[in-house]
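# Reading the structure
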Amino acid sequence: MIDGEGRAVSLARAGVALFLAGAVAFGSVVRIRTALADPNFDARRPEGMLKSDPGLLYYLLERVVESGGLPPEDFRADPRIEHPRRVDVPATFTVGEEFAVAWPYLLFGKEVPLHLFCTYAMAVAASGAVLGVFGLALELTRSRGWAAFAASLFCLLPANYRTIGFILVNEDFSLPWFSLHLFLLARAARVRTATSFVLAGASLAAAMATWHASAFLAAIEAACLFAWFLRTGANPFSQSRAWLVPAMVCVGCLLVPVLRARGAFLSLPMQLAGGMLLAAGIRRRGASVAAAMLGTGGLAALSLLFSKWTGAGIGDYAHVFELLWAKVAHLGRLPADPSALSRDARLLWQGPFETLDPRSGLTLIGVGAVIPLPLLVSMARGWFLGRGNAAENLLGAFALASLVSAWLVARTVVLAGLLLPVAAALAVRGLSPARRRLSVAAAALLLQGLLFAGFVRNHRISWYEPPERQVEIANLVRVLPSLVPEGEAVAADFMNSTAILAHTRRPIVFQPKWETAESRRRVGEFFEAFFHGSPTDLRRLLLEKYRCRYLLVDRWTLWEVARYAAGIPWSETRPRPGTAAEVFLSREDKVLAGVPGYRLLYRSPEFFPERDELRTDWFRLYEIAGT
């Protein structure tokens, strides 16, 4: 009898392992096949596809590969990313996937183009988030079947495939760690062992160390725990050994250079956790709430002092708080007058940080937004009454907060993609009778499967549109080394700078990851000189402050993407008279070739023999005459 039970358990575990392997394989294959099917994705050569953040990450990956999988010698003082200053890479950027990709590439993948190997590796990594979803659903439902339902729904939500074909982005490597953290935290709350709490904290530290936005996901999580404590008096840190979770995060914040430099040990989630820790030993509810508020406020004050003392910390993330406040104040709508926003809020309010419109949100989340609604209403009632299943109420609050976050910042829809399948599993499980539960679950997966098939079939990677840009960028990085001497810096917009960095190794002045106040200040100075100053003002800025003698102007990025961030309303269809923008965005030969103090070295062809329809004239490269 015992042998039979043991055999049944072994078979069940084997079945779970096979299912999870299949789920990871499914997500990976979908990501890879959809990327390769896109007509604008070049599986042979990366030139043209790498720009903005992926271009910077690819440059760092190349450096690690060239160093045999180890940090390059100048990793703590890179001279190319923000010329003329040297950048401490691990203290400025979240790193991790560069090494995770470099090591297997050096061992097994050298026959494959590096950018294609990245696509494969990141597809597998991102798909690994399903493991945490399954584990979290298993902990909350105590049923392998409902956990499998949640994991299957996760695999069919377009929200979890936002980064198809992007080659390298931080969230593909970080989100699986955060998903794993949620599962391990739920497990730790059940088993209450020291090891379980340590693993829950370590996985969160790993997520925060590999993507800056993970700290904000952790802040939403901590805020839900704190709010439940205020509502009910139930303190999650009153459990024995629960303090090990924030302790492990704190250790990670002290050991990882970028978290230490940002003062992450005093970040918002740590402030909230610290307040609850202070209150954990106090039995009287009123006194414990007061202690929690006092502890949180004290840590917030220390965070501000750290920021003023070091020039980093919370000040480096001021742009995010400014953006969120502006989104709320303007109800998610970009104001017609740019002066209604701060410079940093304007800079960030674009691309993946746009407000998510309801139609796109429904497409991305699908039935995952509909099925959990009755449960979310019930959970809201539980919050109002201050009773009910704590785990389910917390999940409901977290899921609702994830929808608000997704609306405010479209990029964070991935959090809803993680949580809503679990909420859906809980909602369907609560139906009766059993036949109804199974019918609803099957219908939900079938409907979402059909919607997902349409999404995959019609998917185009917006990052690579219009296709003419790939041709122009590839041509630019081919000719630029013959025009710009090695070691000379090139000033270009935040989109194209990293293409130059990755493919030519020429130093750049402006980079696209604005987690530091210094990086945002640089971009703001450039926009001010370009859109509001004269060519002489721009020349003076580049020569005297940044010691840069080469300027690349991209008409499309600077005018169609960046002008609002520079304070120019979208309603203005022409650059302002007398400005550098008026001159360098011109399409007149005499104007472009006759700018005093500048020598035109390169201008994008209006015609490529292989692309008869290409007549764009986007790029111009100038050499700036010395003083």
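Described in the following lines is the structure provided in the data block.

Turning next to the sheet that holds strand β4 (residues 550-554). Read from one edge to the other, the open sheet built from four strands follows the order β3-β4-β6-β5, with strand pairing classed as mixed. The sheet is open, and its two edges are formed by β3 (490-491) and β5 (598-603), each paired on a single side. Relative to strand β6 (residues 619-624), β4 runs antiparallel, the two sharing five bridges. Among the inter-strand pairings, L552 is bridged to a residue of β6, identified as L621. Packing against the sheet, helix α22 (residues 467-483) makes contact with β3, β4, β5 and β6, and its axis sits at approximately 25° to β6.

Turning next to the pairing of β6. Within β6, six of the six residues are buried, which leaves the element mostly enclosed by the surrounding structure. Alternating residues of β6 divide into F619, L621 and E623 and R620, Y622 and I624, and every residue in both groups is buried. Strand direction decides the pairing type here: β5 and β6, joined by five bridges, are antiparallel. Within the sheet, the bridge partner assigned to Y602 lies in β6 and is L621.

Further remarks concern the nonpolar core. Counting 152 residues, the largest nonpolar core has I81 and F178 as the members making the most contacts within it. Those residues in contact with F178 that lie beyond four places of it in its chain are L204, A207, L217, A218, E221, F398, L415 and L418. Grouped together as the second largest cluster of nonpolar side chains are 48 residues, L323, A491, F510 and L558 included.

A word on the packing of aromatic side chains. For any pair of aromatic rings, the description rests on two quantities: the centre-to-centre distance and the angle between the ring planes. One pass over the full model with this rule turns up 27 aromatic pairs. Aromatic pair W146 and F149: ring centres 5.8 Å apart, planes at 85°, arrangement edge-to-face. Remark: F149 and W146 occur in helix α7 (residues 144-155); sequence separation between them is three residues, near one turn of the helix. You'll find W146 and F149 in the same group, each marked buried. Pairing F527 with F531 gives two aromatic rings, centres 6.0 Å apart and planes at 80°, and the pair type is edge-to-face. Of the two residues, F527 and F531 both sit in helix α24 (residues 517-532), four residues apart, roughly one turn of that helix. Classification of F527 as buried rests on a relative accessible area of 3%. A residue is classified by how much of its surface remains accessible, and F531, at 1% relative accessible area, is buried. Over the face of the ring belonging to W463 we find K51, whose NZ or CZ atom lies 4.9 Å from the ring centre. Its end group placed over the ring of W349, K327 keeps NZ or CZ at 4.9 Å from the ring centre.

What counts, and where the lines are drawn
- Residues numbered from 1 in each chain as written.
- Predicted model: local features only at pLDDT ≥ 70, side-chain atom pairs only at ≥ 80, totals over all residues.
- Heavy atoms only, no water.
- Pairing = 2+ DSSP bridges.
- Helix = DSSP H or I, 4+ residues; strand = E, 2+ residues; numbered from the N terminus.
- Contact = heavy atoms within 4.5 Å.
- Axes fitted to C-alpha atoms, helices over the stretch in contact; angles between N-to-C directions.
- Buried < 20%, exposed > 50% of the residue type's maximum accessible area, 1.4 Å probe, protein only.
- Core = buried A, V, L, I, M, F, W, Y, C linked by side-chain atoms within 4.5 Å.
- Phe/Tyr/Trp six-rings, centres within 6.5 Å; stacked < 30°, edge-to-face > 60°.
- Lys NZ or Arg CZ within 6 Å of the ring centre and 35° of its normal.

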